[in-house]
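An overview of the molecular structure
Listed below are the residues making up each chain.
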Amino acid sequence: MALAIETLTLSHFRSHRAAELSVGPGPVAIHGPNGSGKTNVLEAVSLLSPGRGLRRAGPGEIARRPEGVGWRVGAVVGRHGDRHAIDTRAEPGATRTVRVDDKAVPQVALGRIARIVWLVPAMDRLWTEGAEGRRRFLDRIALSFEPTHAEAALAYEKAMRERNRLLKDGADDPAWYAALERQMARSGAAVQDNRLHAVRRLTEAQAGAVTAFPAAGLSLTGDDPPGEEALAAAFRNGRRTDMYAGRTLAGPHRADLAALWAEKGVEARLASTGEQKALLLSLVLANARALAEDLGTPPILLLDEVAAHLDAGRRAALYAEIEALGAQAWMTGTGAELFEALREGATRVAASEDGGASLLRAA
C-alpha cells in the first residue's frame, strides 16, 4: 500500500470548527468557492510533516477565532501495511506538540512516517523574487529526502544569530567566535550536502521522464565554500570584514537556486508566468518520482489551486502522471469541473461556508 492518509480530523483549525474526512489512497479533489476553507485543509495535512506547514504559520496563528481554545489535527496514515495515528495540536499560548501512536515525539519523527511536498500559489513568484524564497523552496525539498535537514538548518541559524550579535557589538573574543563558527561550519556543511543531494536527485528524476512538463536545469549558486573545514576557515578569515558589515557575509544562508528551462535554454526568471508555473510543477513531480524511487512509495502531494492555471490538456496530463505515480494528491479548485479528468477512484469533497464556519462533505 502506498503512503496515504486514511482519515483526517480537524478541531478549531482555521475556519473549521470541526471536520472529519475519510479518503481513499488516490487523488483527493476538494472544490468550492473562495473562502470555503479548502486551503486550510491542505495546511492541516502539511502539519503532518516537520516544520511550520505550507503557510509557515506559528501555533498561535492557526486557532479558529473567536473561540481561541487551541487547535488539533489528527490523522491515520498508512504505509506499506503499517498504520500510525498522528496527533498534533497547540493550546493557547503554548508550542505545538506531536504524538504518534499516543507517544510524544519530536517533529522530526513525522518525516520518518510521511513525506509531504506541496505547491501553493505563493510560489508562483519564486523565480522573480528574492533568493530567500528559493532557499526555502529548496530546503523543503531537501527535508523531504532527509528528515534531519530542518535540525541542521536551525542549528546553523541559531549559531549565526549569536555570531552576528557579537559582530554588531564589536566583541573581541576569539574563543567564542571559534566555538560559534565551528557549530556553523558543522551544521552548514550538512545543509550544503542535503541541498546538493536534493538538486542531484531532482536532476536525475527529470532525465528521461515521460512527462508533459518541461525539464529544469538546476544549479546552486553562492560564495560559500563547500565542506566543514572550508566553511570554518571562511568564517574565521572573514571576521574583520563581517564586523564592519555587522553580519555574516558568506555561508549557506547566502546560497541561491538557479533554474533554466532546459529545452529552450531560457532562465526561469525570464520565462512567461505560465512557463514558470510549468517548471514548478515539473520540479514537484520530479521530487515525487525521486522519493518513490528512494523509498518505494511516492510522497503525499498538496497542490493548491493548481488546476485553474492549466488548460484541459495539461490538467489531464497532470492527473495521469499523479495516478501513474500512485500518489495521494490533495488538490483544490473552485469548481468540480476542474477535476473531471480524474479517474473514478478519486475522492471528491465539496467545501462550503455556513455561519462563519467551513463545512466539508463527500461530493
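Scroll up to find the structure this text is about.
The structure contained in this document is the topic of the report that follows. (Residues numbered from 1 in each chain as written. Predicted model: local features only at pLDDT ≥ 70, side-chain atom pairs only at ≥ 80, totals over all residues. Heavy atoms only, no water.)

Let's talk about the packing of helix α7 (residues 273–295) against helix α8 (residues 312–325)
- Relative orientation of the contacting elements α7 and α8 amounts to 10°, with a least axis distance of 11 Å. With respect to α8, the axis of α7 lies roughly parallel. Contacts from Ala-278, Leu-281, Leu-285, Ala-288, Arg-289 and Ala-292 in α7 reach Arg-314, Leu-318, Glu-321, Ile-322 and Leu-325 in α8.
- Among the residues making up the contact of α7 with α8, the classes are represented as eight nonpolar, no polar and three charged. (Axes fitted to C-alpha atoms, helices over the stretch in contact; angles between N-to-C directions. Helix = DSSP H or I, 4+ residues; strand = E, 2+ residues; numbered from the N terminus. Parallel < 35°, antiparallel > 145°, perpendicular 65-115°, else oblique. Contact = heavy atoms within 4.5 Å. Nonpolar A, V, L, I, M, F, W, Y, C, P; charged D, E, K, R; others polar.)

Concerning the nonpolar core
- Formed by 89 residues in total, the largest nonpolar core has its most connected members in Ile-5, Leu-8, Trp-127, Leu-302, Leu-318, Ile-322 and Trp-330.
- Every residue in contact with Leu-302, bar those within four places of it in the chain, is listed here: Leu-42, Val-45, Ser-46, Leu-54, Ile-116, Val-117, Trp-118, Leu-119 and Trp-330.
- Formed by nine residues, the second largest nonpolar core is a distinct cluster that contains Tyr-156, Met-184, Ala-189 and Phe-235. (Core = buried A, V, L, I, M, F, W, Y, C linked by side-chain atoms within 4.5 Å. Buried < 20%, exposed > 50% of the residue type's maximum accessible area, 1.4 Å probe, protein only.)

Notes on unusual backbone geometry
- Residue Pro-66 is reached from Arg-65 by a cis peptide bond, and omega for that bond is 15°.
- In this structure, Pro-66 sits in the loop between α1 (38–46) and β4 (71–79).
- A positive phi angle, close to 50°, is found at Asp-101, a residue other than glycine.
- By secondary structure assignment, the location of Asp-101 is in the loop between β6 (97–100) and β7 (103–104).

Observations regarding the sheet that holds strand β9 (residues 216–221)
- Here three strands make up an open sheet; going across it, the order is β9-β10-β11 and the pairing antiparallel. Here the strands that pair on one side only, and so sit at the sheet edges, are β9 and β11 (266–267).
- Strand direction decides the pairing type here: strand β10 (residues 256–261) and β11, joined by two bridges, are antiparallel. Considered in β11, the bridge of Trp-261 is made with Val-266.
- Of the strands in this sheet, β9 and β10 touch helix α2 (residues 131–145), which is tilted by about 85° from β10.
- Its contacts with the sheet put helix α4 (residues 174–206) on β9 and β10, and the angle it makes with β9 is roughly 165°. (Pairing = 2+ DSSP bridges.)

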